[in-house]
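Here are the chains, one letter per residue:
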Amino acid sequence: MSSKYYAKPLNDLIRELSGLPGIGGKSAQRLAFHILSMSDSGANAIADAIREAKLRMKYCSVCGNMTDTDPCGICADGARDSSVICVVENPRDVAAIERTGEFRGFYHVLHGAISPMDGIGPDDINLRQLLVRLQKDDNAKEIILATNPTIEGEATAMYIAKLIKPAGIRVTRIAHGIPVGGDLEYADEVTLSKAMEGRREL
């Protein structure tokens with residue numbers, strides 16, 4: 001969202017900020033003005049944090065999660081349950097599951113999902129490394145497929161299940177359905193269908 005009323009450096013900042021996910025033109029404009037109103041030390045701290053993150057963050061060679069150490073802190077934690085691996089689409093999913101405090105196994109990050117419409121096949125995501133990992137380590141007894149409840153996420157889960165089940169490893173899929181605090185009348189048909197499929201005895 002550039003403007004002829006703004007100087008080029010400000011327009012450039014707005015343009016770069018608006019390229020971030022979830023940031024529209026007006027939000028980028030507000031952020032740009034906020035950054036310019038900050039003290040030099042505050043603005044430099046943001047710039048330094050971005051530079052440091054880009055320089056130090058990498059992918060864990062074991063699970064594919066983002067980390068500044070290799071292996072990552074989760075993979076290096078000997079107190080976790082090595083018999084369970086939770087497969088997710090991206091590092092943000094790891095953080096979301098970790099926040100629950102309920103899962104004590106390990107993870108594998110795919111960095112995407114199979115999507116033929118977008119030209120993304122099994123070789124374009126971090127799937128081969130999962131298979132290599134399972135061949136090297138016979139501790140894994142269960143693979144939890146926690147890909148997103150989208151067409152691509154479902155297709156990816158089905159594909160992985162077909163690959164792994166013949167090895168005798170238990171493959172489970174996270175339940176999908178009505179969120180806690182949600183109303184049935186506002187749920188879409190797919191969500192309701194998944195909720196019915198995943199019903200359990202009380």
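Residues numbered from 1 in each chain as written. Predicted model: local features only at pLDDT ≥ 70, side-chain atom pairs only at ≥ 80, totals over all residues. Heavy atoms only, no water.

J.: Describe the sheet that holds strand β3 (residues 84-88), naming the residues involved and giving the relevant values.
T.: The strand order across the open sheet built from four strands is β4-β3-β5-β6, with neighbouring strands paired in parallel fashion. The sheet is open, and its two edges are formed by β4 (106-109) and β6 (170-173), each paired on a single side. Sheet twist, expressed as the average angle between the axes of neighbouring strands with direction ignored, equals 25 degrees. When strand β5 (residues 142-145) meets β6, the two strands line up parallel, connected through four bridges. Each residue of the ladder has a partner; that of Glu142, found in β6, is Arg170. (Pairing = 2+ DSSP bridges. Helix = DSSP H or I, 4+ residues; strand = E, 2+ residues; numbered from the N terminus. Axes fitted to C-alpha atoms, helices over the stretch in contact; angles between N-to-C directions.)

J.: Account for unusual backbone geometry, naming residues and giving values.
T.: Following Asp70, the chain continues to Pro71 via a peptide bond in cis, the omega torsion being 0 degrees. Despite not being glycine, His111 has its phi angle at roughly 60 degrees, a positive value. Examined against the element boundaries, His111 turns out to sit in the loop between β4 and α5 (128-136). Exposure remark for His111: the relative accessible area of 30% places this residue in the partly exposed category. (Buried < 20%, exposed > 50% of the residue type's maximum accessible area, 1.4 Å probe, protein only.)

J.: Got a sec to walk through the pattern of salt bridges? Specific residues and values, please.
T.: For the structure on display, the rule yields 11 salt bridges. A salt bridge links Arg56 to Asp68; the shortest N-O distance between them is 3.5 Å. Residue Arg56 is located in helix α3 (residues 40-56), and its partner Asp68 is located in the loop between β2 (66-67) and β3; the two are separated by 12 residues in the primary sequence. The partner of Arg128 in a salt bridge is Asp123, and the shortest N-O contact between them spans 3.1 Å. On the basis of relative accessibility, which here comes to 66%, the residue Asp123 falls in the exposed class. (Salt bridge = Lys/Arg side-chain N within 4 Å of Asp/Glu carboxyl O.)

J.: Now, about the packing of helix α1 (residues 8-18) against helix α2 (residues 25-37): what can you tell me, with residues and values included?
T.: The interhelical angle for the contact between α1 and α2, taken along N-to-C directions, is 125 degrees, at an axis separation of 8 Å. Regarding the angle of α1 to α2, the classification is oblique. Regarding α1 and α2, the two cross each other, and that crossing is right-handed. Contacts between α1 and α2 involve Leu10, Leu13, Ile14, Leu17 and Ser18 from the former and Gly25, Ala28, Gln29, Leu31, Ala32, Phe33, Ile35 and Leu36 from the latter. Residue composition of the contact of α1 with α2, by class: 10 nonpolar, three polar and no charged. (Parallel < 35°, antiparallel > 145°, perpendicular 65-115°, else oblique. Left-handed = near helix turned anticlockwise from the far one by under 90°. Contact = heavy atoms within 4.5 Å. Nonpolar A, V, L, I, M, F, W, Y, C, P; charged D, E, K, R; others polar.)

J.: Residues and numbers for the packing of aromatic side chains, please.
T.: Geometry of an aromatic ring pair is reported as the spacing of the ring centres plus the angle between the planes. Evaluated as defined, the whole model comprises two aromatic pairs. When the centroid spacing of 5.5 Å and the interplanar angle of 70 degrees are considered together, the rings of Tyr6 and Phe33 count as edge-to-face. One end of the pair, Tyr6, is in the segment before α1; the other, Phe33, is in helix α2, and 27 residues separate them in sequence. Residue classification places Tyr6 among the partly exposed residues on the basis of a relative accessible area of 22%. (Phe/Tyr/Trp six-rings, centres within 6.5 Å; stacked < 30°, edge-to-face > 60°.)

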